[in-house]
Amino acid sequence: MFTRTLQRFGSSVAIPLLKNKGVKLSLLYRHQLLKTTIVKREPNQKNNRNINGSSGSACYLRIFWNNVFGKYLLFTNIAGSGLLMVVGDVMAQEIEFRKGVPNSKRYDLERMGRMFVAGALMGPLHHYVYNWMEKIMPIPNLRNTIRKILIDQIFMSPACLLIFFYSACLLERKTVAETNAELKEKFLYIYLIDWLLWPGAQYVNFRYLDIKYRVTYVNVCTALYDVFISYVKHLHKDAPTL
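All of these numbers come straight from a predicted model, not from anything done at the bench.

## A few points about empty space enclosed by the protein
Then, in step 1: Under the counting rule described, the total for this entry stands at two cavities of 30 Å³ or more.
Then, in step 2: Volume-wise, the largest cavity comes out at about 290 Å³.
Then, in step 3: Surrounding the largest cavity, 23 residues form its lining, Met 122, His 126, Cys 160, Trp 198 and Thr 222 being those nearest its centre.
Then, in step 4: Where the lining of the largest cavity is concerned, the elements lending two or more residues are helix H3 (73–98), helix H4 (109–136), helix H5 (142–171), helix H6 (176–208) and helix H7 (211–234).
Then, in step 5: No other element matches H5, which puts seven residues into the lining of the largest cavity.
Then, in step 6: Partitioning the lining of the largest cavity into residue classes produces twelve nonpolar, eight polar and three charged.
Then, in step 7: In this structure, the second largest cavity occupies an estimated 30 Å³ of space.

So this is what it looks like as structure tokens:
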């Protein structure tokens, strides 16, 4: 008797629920399915956490690299130009010190500061001119590469030398007349050496490197070239003239 009553109650209550409360049952079903899915995927989630933990440093390194050579590329080019100019100057100071040049210091911090400013001022010039050349000559074929090298040697190189000498001399508190006299004495010699060294380096730069790495590549090459530039700049009496 009790069993029949329970069956009647079930048919009178459960069936209307199925008809009228389908939404609630559907939500309940989805909730149960979600719980089952979560339980089943817990081991995989742990594995993913381990993988993410092991590759976290690589992810941060990738983000840092993309920012340095992407969003903040101009700042990278400016700071890199200044810092690598200092690197070249430090090597020049070491050479001067070991040669026993009079009044030379092993690490002249004021001179290093002047060289940083002179190098940093060249950063925006390289950044914007290289981007401009890439826009008007995007295809890295031989013809465009030669054109870019000529633009760099005929216009960029003299401009960079002028920026270097005027900024460094003014920071040394020299007058414009004294700076002009030093330029007259050393500019042609440095510019001719420039023609011997830079076309080959710039061929690799313009032909094979991505635009975002070009200023950094130039700065690395300049760090070595600046040993010569700094040596000529600061050894006035020993510098050859033409």
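## Quick word on the UniProt feature "transmembrane region" (unreviewed entry) in the protein
Then, in step 1: Per the UniProt annotation, the sites labelled "transmembrane region" (unreviewed entry) are residues 72–92, 112–130, 150–168 and 188–206.
Then, in step 2: As annotated, residues 72–92 has a helix share of 95% and a strand share of 0%, and its two end C-alpha atoms lie 30 Å apart.

## A short note on the side chain of Asn 77
Then, in step 1: Along the chain, the position of Asn 77 falls in helix H3.
Then, in step 2: By relative accessible area, which is 1% here, Asn 77 ends up buried.
Then, in step 3: Setting aside anything within four residues of it in sequence, one finds Asn 77 in contact with Gly 123, His 127, Val 215, Thr 216 and Asn 219.

## Focus: H4
Owing to its 3.6 residues per turn, the α-helix aligns residues three or four sequence positions apart on the same side.
Then, in step 1: Over its 28 residues, H4 runs 41 Å from end to end, which matches the ideal 40 Å to within 8%, given 1.5 Å per residue.
Then, in step 2: The N-capping residue of H4, defined by a side-chain oxygen 3.3 Å from the backbone nitrogen of Glu 110, is Asp 108.

## Re the confidence of the model for the protein
Then, in step 1: Mean pLDDT over the protein: 80, with 74% of residues reaching 70 or higher.
Then, in step 2: Here residues 21–25 scores under 50 on pLDDT; set against residues more than four positions off or in separate chains, the count is four contacts.
Then, in step 3: A low-confidence stretch, residues 27–31 (pLDDT under 50), is modelled with zero contacts involving residues beyond four sequence positions or located in other chains.

So, how was this worked out
Residues numbered from 1 in each chain as written. Predicted model: local features only at pLDDT ≥ 70, side-chain atom pairs only at ≥ 80, totals over all residues. Heavy atoms only, no water. 1 Å grid on protein atoms, 1.4 Å probe; cavity = no way out; pocket = protein on both sides within 12 Å on 5 of 7 lines; lining within 4 Å. Points joined across faces, edges and corners; volume = space filled by probe spheres on them. Helix = DSSP H or I, 4+ residues; strand = E, 2+ residues; numbered from the N terminus. Nonpolar A, V, L, I, M, F, W, Y, C, P; charged D, E, K, R; others polar. UniProt positions renumbered as here; feature names shortened; annotations may be inferred. Buried < 20%, exposed > 50% of the residue type's maximum accessible area, 1.4 Å probe, protein only. Contact = heavy atoms within 4.5 Å. Expected span 1.5 Å × (residues − 1). Polar contact = N/O pair within 3.5 Å; in protein donor to acceptor, adjacent residues only side chain to side chain. pLDDT = per-residue confidence, 0-100.

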